[in-house]
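# Analysis of the macromolecular model
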Amino acid sequence: MLRSLFLLLTTTLAAAPIEQVWLTHASNDPSKIVINWETDTPDGSVVEFGTSAVLGWQVRLDEQVTLHHVEIPLEQRDVVYHYRVRSGGDASEVFRFKGYPTKELRIAMVGDWGFAKGKDLASLMKDDPHLLVTLGGNVLDLHGKGREGTKAFSALIDQHRELFRSTPLMPILGNHDREITSRGPKPPAHAVYDVEAKAYRDFFALPDVEWRWRFDIPDFSLRLLALDASHTKDLGTTWETNHPITAGSEQHAWFASEAAHSDAAFMFTLNNEQNTLMRGYDQKAWLLLFEQTSAVFTGFGYFAERTEFNGLPYFNTCLKGDGDLFKDPQSRFNARENHYLLLTLRAGAETITAQFKNLRGEVLDTSEIGKKRIWVCS
């Protein structure tokens, strides 16, 4: 009897709560979601889930891993999903996230999270977004003490546990997200950046090849196209940070195909490069492609800006928004203030509402994004 009690007590003490959990999408649409978590030692992965705290369904993976990625189906809209994760004897509490809606969808966009440590995100959480999109600069680097490899991304999740375990996260790459050695004042003999972004791709479960991806939300006729574009002037040097984006490159051809073969009424371009540079890059190789979409979003600079060029809106957003202002000649609004961008989509509407909001929840600028342009070949 005493031995049984000792074993029970030992097992109870050995079990640890799993608190650091984050949500992503590895499929191209919201019919599935990935539950992600870390453990100190390799073990299997179990997710129990349902539309109430009773749970009821389960997905199990037997592979012994420390980074756990379990995809579960989302068969219902307008419901709250409950879930719990388990690895060996460790388990989480029952957490919750919103299933995707059918009437009103809210998307929050942020840039340069790595330079905004300690920011109060209460206002963003109060807006209760269904999806959180980052525009690069998720971490400072991958080589600082305690930030090596995936540790940097783990620390990001740890800063905002409640947000990331209740809101699906779709990040895109910036140069800091793959910086494996110090950049220095001039290009060194060795590569500074891991162009393939292995740590980023290991940590986040994302669609397609992960360093660029597509995500569709059919109920709102929306397509998101995430590019790998940052510090593009450094291509061909040891400061090279992204995959090629020249005319005819794999990335350029992929974007052209995804933009042309979609019935989505709204299409967003996501990247981490300066809007003016991208519009003129490689003899304007991207300008015509951008103008087949509804809007372009970047996290290039530490400021807020809305620009209109040839009738197409361009946005720059950054959680740490008090930096130097690299003003676009076509700028319609700009501000040096910590902020995020909130997009509100209503089913069947002709426009999407875009609001720059500071971290106190005050609206800095409001605009409307129209449907993508339809190009007719003669």
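Residues numbered from 1 in each chain as written. Predicted model: local features only at pLDDT ≥ 70, side-chain atom pairs only at ≥ 80, totals over all residues. Heavy atoms only, no water.

### With respect to the pairing of strand β13 (residues 295-298)
Covered by surrounding structure in β13 are A295 and F297 together with V296 and T298, the residues of both alternating faces. Examined bridge by bridge, strand β12 (residues 266-271) and β13 share four bridges and lie parallel to one another. Note on β13: the bridge partner recorded for L270 is F297. Bridge count for β13 against strand β15 (residues 312-316) is three bridges, and the pairing is parallel. In the sheet register, T298 faces β15, and the bridge partner there is N316. (Buried < 20%, exposed > 50% of the residue type's maximum accessible area, 1.4 Å probe, protein only. Helix = DSSP H or I, 4+ residues; strand = E, 2+ residues; numbered from the N terminus. Pairing = 2+ DSSP bridges.)

### Let's talk about the layout of surface pockets
One number sums up the size of the largest pocket: a volume of about 380 Å³. In terms of lining, the largest pocket is formed by 23 residues, of which the most central are N175, H176, H231, F300 and Y302. Looking at side-chain class alone, the lining of the largest pocket contains five nonpolar, eleven polar and seven charged residues. (1 Å grid on protein atoms, 1.4 Å probe; cavity = no way out; pocket = protein on both sides within 12 Å on 5 of 7 lines; lining within 4 Å. Points joined across faces, edges and corners; volume = space filled by probe spheres on them. Nonpolar A, V, L, I, M, F, W, Y, C, P; charged D, E, K, R; others polar.)

### Focus on the environment of T344
As for its position among the elements, T344 is in strand β17 (residues 339-346). The class for T344 is buried, based on a relative accessible area of 9%. The sequence separation of T344 and P42 amounts to 302 residues, and the corresponding C-alpha distance is 41 Å. Leave out the neighbours within four places in its chain, and T344 touches E104, L105, R106, I352 and T353. (Contact = heavy atoms within 4.5 Å.)

### Quick notes on the sheet that holds strand β14 (residues 304-309)
Hydrogen bonds along the backbone pair up the strands of a sheet, which may run parallel or antiparallel. Within the open sheet, the seven strands sit side by side as β10-β11-β12-β13-β15-β14-β16. Their pairing is mixed. Every interior strand has two partners, whereas the edge strands, β10 (213-217) and β16 (331-335), have only one. When the angles between neighbouring strand axes are averaged without regard to direction, this sheet yields 15°. Contacts between helix α6 (residues 250-260) and the sheet are confined to β10, β11 (222-226) and β12, with β11 contributing the most and set at about 175° to the helix. In this fold helix α7 (residues 275-284) packs onto β12, β13, β14 and β15, with an angle of close to 125° to the strand it touches most, β15. (Axes fitted to C-alpha atoms, helices over the stretch in contact; angles between N-to-C directions.)

### With respect to unusual backbone geometry
Even without a glycine there, the phi angle at D78 is positive, about 60°. The phi angle at D112 is positive, at roughly 55°, despite the residue not being glycine. Tracing the backbone shows D112 in the loop between β7 (104-110) and α2 (122-126).

### Digging into the packing of aromatic side chains
Enumeration over the complete set of coordinates arrives at 22 aromatic pairs. On the basis of an interplanar angle of 35° and a centroid distance of 5.9 Å, the ring pair of F49 and W57 is categorised as tilted. Classification of F49 by relative accessible area gives buried; the value is 5%. With a relative accessible area of 45%, W57 lands in the partly exposed category. Among the aromatic residues, ring-to-ring pairing joins W22, F153, Y200, F203 and F204 into one connected group. (Phe/Tyr/Trp six-rings, centres within 6.5 Å; stacked < 30°, edge-to-face > 60°.)

### Observations concerning the pairing of β14
If a strand is regular, its side chains alternate between the two faces of the sheet. In this sheet, β16 lies alongside β14 in antiparallel orientation, the contact comprising four bridges. Its bridge partner lying in β16, T307 is registered against S331. One ladder, built from five bridges, connects β14 with β15; its direction is antiparallel. From the neighbouring strand, E308 faces β15, where its bridge partner is P313. From the end of β14 to the start of β15, which pair antiparallel, there are two residues, and N310 there has a positive phi angle of about 55°.

### Considerations on the nonpolar core
Most often, soluble globular proteins have nonpolar side chains that are buried together. Core analysis: the largest hydrophobic core is formed by 63 residues, its most contacted members being M109, W213, F268, L270, F297 and L343. Counting 19 residues, the second-largest nonpolar core is a separate cluster that includes A229, W254, L277 and F290. (Core = buried A, V, L, I, M, F, W, Y, C linked by side-chain atoms within 4.5 Å.)

### With respect to the sheet that holds strand β9 (residues 169-170)
Taken in spatial order, the six strands make up an open sheet running β9-β8-β7-β17-β18-β19, and their pairing is mixed. With one partner strand each, in any of the chains shown, β9 and β19 (363-370) form the two edges of the open sheet. Where strand β18 (residues 351-358) meets β19, seven bridges bridge the pair, whose relative direction is antiparallel. Bridging from a neighbouring strand, Q355 pairs with T366 of β19.

### As for empty space enclosed by the protein
In the structure shown here, the tally under the stated rule is one cavity of 30 Å³ or more. Lining of the largest cavity is provided by Q274, N275, T276, T298, F300, F303, E305, N316, F326 and D328. Here the residues of the lining of the largest cavity sort into three nonpolar, five polar and two charged.

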